[in-house]
Amino acid sequence: MKRHLPLIFLVLAVIGVQLLTRATGAAFYLTPLTMAAYYSLVVVGLCLLMGYAGQISLGHAGFFAIGGYLSAMLTTKNLMPLKENSLIAACDRLGLLTHGQDMFGEPFLHMQPWPACGCAILATVVVAYAIGIPVLKLKGHYLAMATLGFGIIVYRLALASPLFGEADGISEVPGFPILPGLAVSGDFSARVSNYYLAWGLVAFAMWLLVNLIHSRVGRALRAIHGAEGAANAMGVDTARYKLNTFVLSAVLAAIAGIFLTHYNGGIGPSEAGITKSVRYVAIVAIGGMANLWGALTMGALLNIMSLRGMFGSYDDAVFGAILIVIMLFAPQGLLGIYLPAALKRLLRRGA
Amino acid sequence: MLLEIKNLFRRFGGLQAVSDVNFSVRQGMIKAVIGPNGAGKTTLFNLISGALPPSSGEIQFKGRPIQGLPPFRIARQGMARTYQNIKLYPGMSALENVMVGRHCRSRAGFLSGMLALPWTRREERAIREKCLELLNLLDIADLAEVEATSLAFGQQRAVEFARALAMEPELLLLDEPAAGLNIYETAEVARLIGKINAQGITVLLVEHDMSLVMDISQEIVVLSFGEKIAEGTPAEIQRNKEVIRIYLGEDDAEG
Amino acid sequence: MTLELFSQYLLAGVTYGIIYAIVGIGFNIIYNTTGIINFAQGEFVMLGGMTAISLTQWLPLPLAIAVAVAVVMLIGALVEILFIRWLDHPSVLRMIIITIGLSILIREAALHLWGEGVRSLPYFVGNEITTVQILGARVSPQVLWVIGVCAVMVLALSLFFRYTLQGKKMQACAANRMAATLCGISARNMVTLSFMLSAGIGALAGCVMSPITYTQYDIGTGLAIKGFTVAILGGLGNSMAAVAAGLLLGLIESFSVSLVPLAFQDAISISLLLGILFFRPHGLFGSKDAAALKDF
């Protein structure tokens with residue numbers, strides 16, 4: 001099982017870093033580390049799509065937003081006015097809703113986090129299939145633009161719709177209880193458990209994805225990426241595989257969005273924006289298009305640096321520069337270049 | 001009849017690439033399609049394998065119409081093909097390329113793949129063994145782990161062959177299997193085709209190398225400018241005046 | 001709807017439409033010679049406006065615009081030489097990502113140079129409250145400038161491609177690069193020229209529209225998307241069709257204001273883009289077979 005060796009390193013590193021922060025009194029680092037974990041989840045899903053299935057997506061932040069916004073909206077919106085609606089009443093009878101009272105003593109009704117999460121994921125699956133079927137028939141620039149367009153529509157909807165809080169987004173999102181005593185929330189006291197929860201989720205996702213790329217499906221995906229027509233001729237249903245990979249990567253992004261929203265206690269329209277989508281693509285590119293562990297490493301590293309403000313006001317510019325530099329000099333990603341060969345190539349071209 | 005082509009037409013704008021072609025391929029035979037360059041042979045293959053839809057006409061495989069079906073469906077019914085300019089998957093080893101050929105004979109899907117269920121691992125091992133056997137058959141087992149597109153041309157040819165065989169097809173379409181090969185390699189190809197035919201696989205091949213064609217085919221179809229101009233045994237074709245004319249020119253046909 | 005309202009929408013639609021058409025033509029010029037979609041196209045428009053605005057501090061308006069256009073053309077050439085020229089048969093994916101990265105960098109540079117603020121060039125004739133009456137509507141004379149200048153650019157371009165030697169060289173390059181090179185045409189120079197041309201027309205459009213639409217560091221992306229929509233709508237590579245498509249998009253957007261809230265206006269052009277991509281990617285005027293042949 002040597003394919004899972006990096007997984008062991010990951011687990012050790014995660015534990016090690018947490019102990020380090022405890023030892024150096026830098027526990028505040030756990031917050032950006034936890035957030036970076038969730039962003040990395042989006043990145044590895046995108047890596048599967050771009051690197052293995054070979055389909056670019058410039059709108060993946062849209063799926064992150066669909067997950068986060070829906071979960072936020074369902075858990076914070078007062079469903080009281082809809083109490084008579086049969087669907088809402090059914091949810092109530094199933095125990096999916098919380099009753100409470102707001103500040104003014106008025107009765108309050110909103111959805112519990114678990115069913116909200118379920119609804120958000122379901123919605124993501126539906127949207128991903130609906131968008132995926134037409135979009136994945138496109139290639140090259142057309143595919144890029146279509147995914148970009150999708151991302152922009154989600155962003156515009158989030159920005160313009162009062163249901164989603166317009167420019168302010170949704171806040172006061174409650175914590176997400178996973179197990180008794182364990183909840184995804186911004187609670188200070190739960191910092192460590194949230195950190196392990198986030199990275200545990202990432203580790204689990206990596207285990208699943210590494211298994212997938214080493215399986216028959218992974219091989220088929222790489223064949224599709226390499227020579228789609230020839231893959232089809234060998235019996236691979238290329239359209240279905242591309243679609244399923246698209247949906248899988250969308251679901252991963254949505255899950256990341258849901259959990260991060262509950263962790264942060266809120267979400268804003270910037271999470272759906274083009275800059276975020278482009279950022280994810282930049283990270284996949286620098287990690288090495290078809291390198292899951294590279295994408296994870298770069299995702300964690302770059303997100304932590306960005307979250308800690310290390311890039312200052314040049315945050316977006318950094319990712320733009322990464323895109324250019326990597327694509328010009330190292331299209332196989334940072335961790336894929338062999339330095340002497342790259343230098344030789346560079347010098348030869350100059351001559 | 002394993003494969004029947006009926007009144008097949010394919011137009012590209014103003015060009016009639018394939019025009020009213022009719023022929024059949026019996027189970028167990030080796031049939032060749034020959035003709036000068038531009039005769040429409042590769043287009044014909046693309047039509048049969050589903051890479052191109054016909055403008056009109058019918059293609060029947062095992063008694064069922066397959067024209068217009070996507071290539072993967074036709075492949076799953078038991079038809080495999082190789083390509084004139086070799087389409088191996090870059091970034092994958094020779095063995096992995098062949099293992100893709102085994103795709104329609106295996107079942108592990110997304111969910112079972114992600115969870116690495118025990119039966120999928122058994123299936124993977126079986127796939128791997130079978131494909132190594134095929135590489136062995138073609139004498140390239142030592143190249144199993146080499147990246148496919150970095151291999152020599154003849155070796156890439158062999159990998160494509162193995163990949164097609166991995167599908168356990170009933171009908172094998174070979175698009176110029178001897179192109180770019182020398183006399184010895186061509187003889188090797190002939191031997192190989194004979195061997196797999198003996199195992200029951202029907203072969204339809206497009207080829208320019210006349211010695212190979214005359215040597216191994218039981219029947220030959222001759223195309224010219226998209227039309228079928230002759231069909232018959234190698235001996236009949238060699239005597240056919242029309243065929244001689246399109247290959248060698250007017251004067252020689254008279255003689 | 002009154003005649004006045006109708007005319008307002010019509011003129012607004014034509015104004016924005018022809019701007020989109022110019023951006024779309026910019027896409028087409030570069031696409032025709034290189035097969036690349038230049039995602040940074042919108043930034044040329046932004047740069048034109050911003051540079052001209054800065055230059056008006058020292059130069060009279062016409063000169064400021066001329067210099068700004070020249071500067072942006074130079075930037076276009078630089079972009080091509082530094083980032084595109086020496087790539088060896090890059091894949092489509094790689095090119096897409098590079099031009100996206102470029103657009104981000106240019107945008108961020110603009111942010112750091114000029115800040116977040118909204119700026120504009122002064123009106124060419126009169127000021128903010130001057131109006132002229134056209135078809136029953138009262139509009140700023142700047143509208144006539146936009147339509148006029150852009151129309152002249154379109155005409156000049158079509159004359160350039162049809163009748164001048166340089167233009168014909170570029171067309172040769174677009175049709176068949178190898179053959180063009182064999183005829184002694186320097187394909188590389190044609191590529192640089194196409195970038196300069198696209199940058200130039202974008203910059204001029206950016207200057208002329210600035211008084212009405214204002215210029216800000218981030219207007220590039222939105223324009224690029226609309227320009228791309230227009231280029232696709234007309235059939236990628238077909239510049240005359242881009243004009244028609246641009247006007248169509250402009251008019252649809254303009255008249256849609258009467259139907260949907262302004263905030264959703266962008267969603268309309270995006271939906272149009274998606275619709276075209278899904279149902280007719282070769283555009284309204286393109287041919288399916290021809291589009292299939294182009295190896296983009």
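Conventions we followed
- Residues numbered from 1 in each chain as written.
- Chains lettered and ligands numbered in written order.
- Predicted model: local features only at pLDDT ≥ 70, side-chain atom pairs only at ≥ 80, totals over all residues.
- Helix = DSSP H or I, 4+ residues; strand = E, 2+ residues; numbered from the N terminus.
- Rg over C-alpha atoms; globule rule 2.2 N^0.38 Å.
- Buried ≥ 20, exposed ≤ 12 C-beta atoms within 10 Å, placed from the backbone.
- Contact = placed C-beta atoms within 7 Å.
- Nonpolar A, V, L, I, M, F, W, Y, C, P; charged D, E, K, R; others polar.
- Domains from an automatic or database assignment.
- Pairing = 2+ DSSP bridges.
- Axes fitted to C-alpha atoms, helices over the stretch in contact; angles between N-to-C directions.
- Parallel < 35°, antiparallel > 145°, perpendicular 65-115°, else oblique.

Q: Tell me about the overall build of chain C, residues and numbers included.
A: Looking only at helices and strands, chain C has 12 helices and 2 strands in total. Overall, chain C shows an N-to-C arrangement of helices and strands of α-α-α-α-β-β-α-α-α-α-α-α-α-α. Taking 19 Å as the expected radius of gyration for a compact globule of 296 residues, we find that chain C reaches 19 Å, a close match to that expectation. Counting only C-alpha atoms and orienting by the principal axes, one finds that chain C spans roughly 55 × 50 × 35 Å. Counting all 296 residues of chain C, 50% fall into the buried class. Look at the contacts in chain C between residues 6 or more apart in sequence, and 76% of them connect residues 24 or more apart.

Q: Please provide a residue-by-residue account of the interface of chain B and chain A, values included.
A: With 32 residues of chain B at the contact, the number on the chain A side is 24 residues. Counting residues per element, the ones that place at least two in the side of chain B that touches chain A are α2 (71–76), α3 (94–101), α4 (110–115) and α5 (118–137) of chain B. Classifying every residue of the side of chain B that touches chain A by side-chain character gives 18 nonpolar, 8 polar and 6 charged.

Q: An account of the domain arrangement of chain B is needed here, citing residue identities and associated values.
A: Residues and elements named next belong to chain B. Each assigned domain of chain B is listed here: domain 1 (1–78 + 169–255) and domain 2 (92–168). If you average the C-alpha positions of domain 1 and of domain 2, the two centres end up 27 Å apart. Breaking the side of domain 1 that touches domain 2 down by element, the ones donating at least two residues are α2 and α7 (183–198). Taken together, the residues of the side of domain 1 that touches domain 2 break down into 6 nonpolar, 1 polar and 2 charged.

Q: I'd like to hear about the sheet that holds strand β5 (residues 64–65) of chain B, residue by residue, with values.
A: All names here are of chain B. The strand order across the open sheet built from 4 strands is β2-β1-β4-β5, with neighbouring strands paired in antiparallel fashion. Because the sheet does not close on itself, it has two edges, and the strands there are β2 (15–25) and β5. In this structure, strand β1 (residues 3–12) lies alongside strand β4 (residues 56–61), joined through 5 bridges in antiparallel fashion. Following the sheet pairing, Leu3 is matched in β4 by Phe61. The strands that helix α1 (residues 41–49) touches are β1, β2 and β4; relative to β2, the one it contacts most, it runs at about 65°.

Q: For the packing of helix α8 (residues 216–226) of chain A against helix α10 (residues 238–264) of chain A, give the residues involved together with the corresponding values.
A: Residues and elements named next belong to chain A. Close contact between α8 and α10 brings their axes to 10 Å; oriented N to C, the two are set at 110°. In this view, α8 runs roughly perpendicular relative to α10, as classed from their interaxial angle. Every residue of α10 that contacts α8 at Ala220, Leu221 and Ile224 is listed here: Thr238, Tyr241, Lys242 and Thr245. Residues belonging to the contact of α8 with α10 are distributed by class as follows: 4 nonpolar, 2 polar and 1 charged.

Q: Tell me about the environment of Ala126 of chain B, and please be specific about residues and values.
A: Residue and element names in this part refer to chain B. Along the polypeptide, Ala126 turns up in helix α5. For Ala126, a count of 13 C-beta atoms within 10 Å translates into the label partly exposed. On a C-alpha basis, the gap between Ala126 and Gln156 in space is 23 Å, while along the polypeptide they are 30 residues apart.

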